[in-house]
Amino acid sequence: MKNHIIKYVMLMLYGICTTLLVACGGGGGSPGNTGFGGGGGTAGGSGSSTTTGKIAVVLTDSAGAASNSVSGSNALTAKATVTTDTGVPVKNTMVTFTVSSTIAVMSPETGTALTDDKGVAQISIKASGSGTGAAEVTAKATVGTAEVTAKAAFSVGASATATPTAMNFVSAVPTDNSIVIQGSGGSGRTEVALLTFKVVDSSNSGVPNVAVNFSTQSSNPVSLVASSGKTDVSGNVTVAVNSGTQPTTVRVIATVQGTTISAISDTVTVTTGQPTQAAFSLSLQKYYVEGWAHDNTQNTVTVLLADAFGAAVANGTQVVFTTDSGAIVGDGGARCLTTNGGCTVTWRSQNPRTSNGVVTVVATATNGTANLSTSKRFFNSGSAANVYQVSPGSKQGASTRIGAANTGVNLNFAASCDPQTIVVEIVDENGNPMPEGTTIAGADAKNASLTAFPSTVSLGIVPIESATRGTVHNVTVTPAGCEVAGTKSKTGSILINVQTPLGGSTAAFLINLGTFAGN
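Keep in mind the model is a prediction, meaning the values are calculated, not measured.

Novice: Describe in detail the sheet that holds strand β4 (residues 94-99), supporting the description with residues and values.
Specialist: As summarised here, the arrangement of the five strands in space is β2-β9-β8-β4-β6, forming an open sheet in which the pairing is mixed. Each of the sheet's edge strands pairs with one partner strand only, and the pair in question is β2 (69-71) and β6 (112-114). For this sheet the average axis-to-axis angle between neighbouring strands, irrespective of direction, equals 30 degrees. Relative to strand β9 (residues 146-157), β2 runs parallel, the two being bridged by three bridges. Bridging from a neighbouring strand, V70 pairs with V156 of β9.

And the structure:
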């Protein structure tokens, strides 16, 4: 019985081992192998293998010695060797090289080369002159259907024996080369410009640790934070320029100490101080706006600001508006932000409306120490007209009225058929000028015609404080078919019709020509 049990256990162990061998791929073949930059080993299971390939990169100096340092005009050679897994060189295969940073450049610029009979492809790497630091070169090739890659690291530094041969102006901050007058800085405004220069050698690579002196060209005082400085590892040196109290232009000259090597910066403009009350103005597109009886009639309001030297204030200066009638529509509310020293908002007609039809718009700003304000008034004109006869010679805002509104006038053409002229003042229901663009003409004519001069209401000098605020017009009336020696009797009449831009029409002032002779 014992022997049967031992035999049964042995059979089970044999079965387990057989299963394990099958699961592990059985006999034959190898577990595979990999190399530096290789594409894979041999597959197991069947015992067959597929060759991919390998690539390796080495860096050497001009003498062929191993090196991983580029400096100044000294270049490195990157050599990529491409082989099969068994070490057989792969020739006439394109290798593509790339570098990981702009501090180095390749030759040829495409970074491509073909392998020779030994499977070797090579390119040259040198400093670009744009800085120092570390980088990697990557070589990539295709062997069969597999892509293989390899990398090598190197450093870029300035040559220990690099000699400055030139200096270049690199950049300015702010980029628009404009700073504001001392004491005028704030949001979006700076009083300091940062100017960067670069000292380079004959290969245009930056030269570090070079002493550089600075001086200025300016018609008015500015100040340099430092009169000298030393280049950094990339050959760059930066100097700060502080504005003065007056507008000017300035250029900075940088000179390599003890040499005549120099460069001059772009022009930096010092301008745009804080706004002043004396240079704060407001203007309106219209002064007679047809908004008394209509909503959303619009009027453009423009403000202009300058500093004490007459320079436009900085872009982004905020101006806030208020009004006692209608509403202001601006940039995010009743405000605007200046561009080139000016900005606009829109006034629109709506409630509330002042009882006298006069609108006041106030603009306010600040210069950091004081609040500034300016204002304008204009007429919120109605659409219904009142016509008054006024004495000859009456002027805008100073007319002498004859009689009540719209009472008309009687003319006498019995003795002469020559045209006769009367002077009228036209106002709206609040006694203010009619809207700009209102026209004056004849209507319902009977044996008569008229012409008005001016025939259109336009901006005139009508002081808001005037006792009479209407526009004055000469109306010339001509009888039609009038003959002094005529045998027929005629009568004539005509109305003065006032038409506003938004359609308001009033024809209430009657001119009676009486009876005159005709044929």
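There's plenty left to go through after this.
Novice: Can you lay out the layout of surface pockets for me, pointing to particular residues and giving the numbers?
Specialist: If you add up the space inside the largest pocket, you get close to 210 Å³. Taken together, P174, D176, S178, I179, V180, G188, R189, T190, T271, T272, A314 and N315 form the lining of the largest pocket. Here the lining of the largest pocket gets three residues from one element, more than from any other, and that element is strand β11 (residues 178-180). When the residues that make up the lining of the largest pocket are grouped by side-chain class, the tally is four nonpolar, six polar and two charged.

Novice: Give me the environment of I511: which residues, what numbers.
Specialist: Its location among the elements puts I511 in strand β37 (residues 505-518). Assessed through its relative accessible area of 0%, I511 is described here as buried. Look past the residues within four positions of I511 in its chain and what remains in contact with it is V409, L411, I422, L450, V475, V477, G492, S493, I494 and I496.

Novice: Give a description of the state of the cysteines that names residues and reports values.
Specialist: Across all of its chains, the model carries two disulfides by this definition. Residue pairing for C336: its cysteine sulfur links by disulfide to C343, the two sulfurs lying 2.0 Å apart. Linking C336 and C343, the disulfide has an S-S dihedral of approximately 45 degrees and is accordingly described as right-handed. An identical accessibility class is assigned to C336 and C343; each is buried. Paired by a disulfide, C417 and C482 hold their sulfur atoms 1.9 Å apart. Measuring the twist about the S-S bond at about -70 degrees, one finds the C417-C482 disulfide to be left-handed. Taken together, the residues C417 in the loop between β31 (409-410) and β32 (420-427) and C482 in the loop between β35 (471-479) and β36 (488-499) connect sequence positions 65 residues apart. What makes C417 buried here is its relative accessible area of 19%. Here the protein pairs its bonded cysteines, counted in sequence order, in the arrangement 1-2, 3-4.

Conventions used here
- Residues numbered from 1 in each chain as written.
- Predicted model: local features only at pLDDT ≥ 70, side-chain atom pairs only at ≥ 80, totals over all residues.
- Heavy atoms only, no water.
- Pairing = 2+ DSSP bridges.
- Helix = DSSP H or I, 4+ residues; strand = E, 2+ residues; numbered from the N terminus.
- Axes fitted to C-alpha atoms, helices over the stretch in contact; angles between N-to-C directions.
- 1 Å grid on protein atoms, 1.4 Å probe; cavity = no way out; pocket = protein on both sides within 12 Å on 5 of 7 lines; lining within 4 Å.
- Points joined across faces, edges and corners; volume = space filled by probe spheres on them.
- Nonpolar A, V, L, I, M, F, W, Y, C, P; charged D, E, K, R; others polar.
- Buried < 20%, exposed > 50% of the residue type's maximum accessible area, 1.4 Å probe, protein only.
- Contact = heavy atoms within 4.5 Å.
- Disulfide = S-S within 2.5 Å.

Honestly, it's all geometry; don't read function into it.
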